Amino acid sequence: MLSGGLDSTLAVRVMLEQDIEITALNFRTGFSYVERDRVVEHGPTEPSDAERAAATLGVDLEVLDVSEEYRPLVLRPRYGYGSGMNPCVDCRIFLLRQAKAWMYAHGYHFVFTGEVVGQRPKSQKRHSLNTVARESGLRGYLLRPLSAKLLEPTIPERRGWVDRDRLYDISGRGRKAQIALAEQLGITDYPQPSGGCCYLIDQTYSRRLRDLLDREGEGALTRAQVQLLAVGRHLRLLSGRKVVVGRREQENDYLEGWGGAGVLLTTLDHPGPMTLVPGEPTQTEVEQAARITAGYSDGKDEAAVRVEVRGDRHLGGLTHVLTVEPMPRDEIRKLMV
């Protein structure tokens with residue numbers, strides 16, 4: 001299982017050193033900054049970290065989209081959440097079950113990951129690693145090369161498929177050992193170690209997700225909404241209507257091309273954001289969104305600002321212009337999600 005981060009890249013390289021035939025698996029859950037960046041920042045043709053790592057390592061890569069099956073897991077995780085809405089233990093079990101199915105379908109013998117004992121507080125404690133191996137159905141066939149010497153020998157080690165003496169005993173949250181190993185193995189091109197690439201760890205994203213579920217229900221958590229929650233500033237009008245305001249050019253472009261039902265607003269005479277009001281807002285809600293848009297524009301200190309409105313069902317979807325008083329920032333902050 002290859003994310004393209006340092007640990008999984010090292011795990012693959014360590015196994016290649018033992019002449020193991022490898023196909024790397026990368027899963028798209030829909031909740032990854034990697035996926036958001038491909039859509040919003042770089043475009044779909046930009047290679048992901050996993051694609052770059054696989055190319056550098058010289059291994060085949062299978063990218064598996066599991067987003068439809070994954071979303072229900074986020075709503076009711078058996079093993080609970082971490083610091084945000086991250087169901088880390090359930091996530092590992094789910095992804096490893098997918099890997100197990102792929103392994104059997106394609107004639108492979110075991111699965112390995114870049115997990116390190118004690119690195120993640122929720123999913124990589126020793127008892128969590130044991131739970132994940134058991135519940136995924138991979139007990140004995142799940143190898144963690146970077147921490148293998150701290151864990152019970154797996155079947156690949158006991159049968160001699162893998163030389164345990166050439167595996168490692170890395171543990172803890174620091175990355176010095178991994179960075180030293182990367183230097184030893186000649187690996188120089190890897191993303192800087194970070195706290196994870198999942199939206200659900202992020203407190204702001206988690207707050208927005210809880211707000212969506214509380215206000216609009218579980219049915220509102222579509223693939224498009226998963227991505228939208230990671231883009232722009234999110235506000236709730238007093239009526240309950242969501243408003244999303246772009247923060248930079250790439251987000252403005254994304255909101256403009258979002259494709260779902262909604263109204264788009266942008267200032268005409270001053271540089272400003274693109275604003276999306278999903279659904280079918282009322283005229284009052286459109287006017288409030290126009291004031292917010294003006295409040296985030298360079299015309300925020302003007303008495304009146306012209307705002308272009310597109311997609312308003314009250315005018316048959318025709319483009320029209322509203323002249324509004326910009327909403328003060330202190331009022332806007334009260335609406336932030």
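About the criteria used
- Residues numbered from 1 in each chain as written.
- Predicted model: local features only at pLDDT ≥ 70, side-chain atom pairs only at ≥ 80, totals over all residues.
- Heavy atoms only, no water.
- Core = buried A, V, L, I, M, F, W, Y, C linked by side-chain atoms within 4.5 Å.
- Buried < 20%, exposed > 50% of the residue type's maximum accessible area, 1.4 Å probe, protein only.
- Helix = DSSP H or I, 4+ residues; strand = E, 2+ residues; numbered from the N terminus.
- Contact = heavy atoms within 4.5 Å.
- Expected span 1.5 Å × (residues − 1).
- Salt bridge = Lys/Arg side-chain N within 4 Å of Asp/Glu carboxyl O.
- Axes fitted to C-alpha atoms, helices over the stretch in contact; angles between N-to-C directions.
- Left-handed = near helix turned anticlockwise from the far one by under 90°.
- Nonpolar A, V, L, I, M, F, W, Y, C, P; charged D, E, K, R; others polar.
- Pairing = 2+ DSSP bridges.
- Phe/Tyr/Trp six-rings, centres within 6.5 Å; stacked < 30°, edge-to-face > 60°.
- Lys NZ or Arg CZ within 6 Å of the ring centre and 35° of its normal.
- Parallel < 35°, antiparallel > 145°, perpendicular 65-115°, else oblique.

(A) Geometry of the nonpolar core. One finds Phe31, Tyr70, Val111, Leu200, Tyr205, Leu209 and Leu221 to be the most contacted residues of the largest nonpolar core, which totals 35 residues. Residue assignment for this core shows that the elements contributing at least two residues are β1 (23–28), α4 (67–75), α5 (88–105), α6 (126–135) and α9 (203–216). Those residues within four positions of leucine 221 in sequence are excluded, and the remaining contacts are Phe31, Arg71, Leu75, Leu209, Leu212, Leu213 and Val226. Within the second largest apolar cluster, 28 residues are counted, among which are Leu2, Leu10, Ala53 and Ile187.

(B) Spotlight on α9. Taking 1.5 Å per residue, 14 residues should reach 20 Å; α9 reaches 20 Å between its end C-alpha atoms and fits that length. Listed in full, the buried residues belonging to α9 are Tyr205, Ser206, Arg208, Leu209, Asp211, Leu212 and Leu213. At its buried positions, α9 is contacted by α4, α10 (223–228), β5 (233–236) and β6 (242–245). In the segment just after α9, glycine 217 is the residue with positive phi, at about 90 degrees.

(C) Quick look at the pattern of salt bridges. Applying the stated criterion across every chain, the model contains 19 salt bridges. We note a salt bridge from arginine 13 to glutamate 17, for which the minimum N-O separation is 3.0 Å. Here arginine 13 falls in the partly exposed class, since its relative accessible area comes to 24%. Two residues, glutamate 135 and arginine 134, come together in a salt bridge whose shortest N-O distance is 3.1 Å. What makes glutamate 135 buried here is its relative accessible area of 19%. Within the structure, one salt-bridge network assembled from shared partners comprises Arg78, Arg134 and Glu135.

(D) Here's a closer look at the packing of α5 against α6. Orientation of α5 relative to α6, taken along the N-to-C sense of each, is 35 degrees, at an axis distance of 9 Å. The element α5 and its partner α6 pack so that their crossing is right-handed. Within the contact between the two elements, α5 uses Val89, Arg92, Ile93, Leu96 and Arg97 and α6 uses Ser128, Val132 and Glu135. Here the residues of the contact of α5 with α6 sort into four nonpolar, one polar and three charged.

(E) Summary view of the sheet that holds β5. Taken together, six strands build an open sheet; the order of strands is β5-β6-β8-β7-β9-β10 and the sheet is antiparallel. On the outer flanks of this sheet lie β5 and β10 (320–324), each paired with one strand and no other. On average, adjacent strands in this sheet sit at an angle of 25 degrees to one another, irrespective of strand direction. Pairing of β6 with strand β8 (residues 274–278) involves two bridges; the strand directions are antiparallel. Opposite valine 244, over in β8, you have leucine 276 as the bridge partner. The strands touched by helix α12 (residues 283–295) are β5, β6, β7 (262–267), β8, β9 (305–310) and β10; relative to β7, the strand with the most contacts, the crossing angle is about 35 degrees.

(F) Representation of the packing of aromatic side chains. This structure, assessed with the given rule, holds seven aromatic pairs. Their ring planes at 55 degrees and their centres at 5.9 Å tell us that phenylalanine 31 and tyrosine 70 sit as a pair that is tilted. Residue phenylalanine 31 is found in the loop between β1 and α2 (33–42), and its partner tyrosine 70 is found in helix α4; the two are separated by 39 residues along the sequence. The pair formed by phenylalanine 31 and tyrosine 70 is uniform in burial state, with each residue classed as buried. Taken together, a centroid distance of 6.4 Å and an interplanar angle of 85 degrees make the contact between phenylalanine 31 and tyrosine 205 edge-to-face. Of this pair, phenylalanine 31 sits in the loop between β1 and α2 while tyrosine 205 is found in helix α9, placing the two residues 174 residues apart along the sequence. Residue classification places tyrosine 205 among the buried residues on the basis of a relative accessible area of 3%. Of the aromatic side chains, those joined through ring pairs into one cluster are Phe31, Tyr33, Tyr70, Phe94, Tyr199 and Tyr205. Positioned over the ring face of tyrosine 296 is arginine 233, at 4.2 Å from the centre of the ring.

(G) Representation of the packing of helix α1 (residues 6–16) against helix α8 (residues 176–185) within the structure. Between α1 and α8, the least distance of the axes is 10 Å, while the angle of their chain directions is 45 degrees. As far as their axial angle goes, α8 and α1 are oblique. The hand of the α1/α8 crossing is left-handed. Residues Leu6, Asp7, Leu10, Arg13 and Val14 of α1 pack against Gln178, Ile179, Leu181, Ala182 and Leu185 of α8. The class makeup of the residues in the contact of α1 with α8 is seven nonpolar, one polar and two charged.

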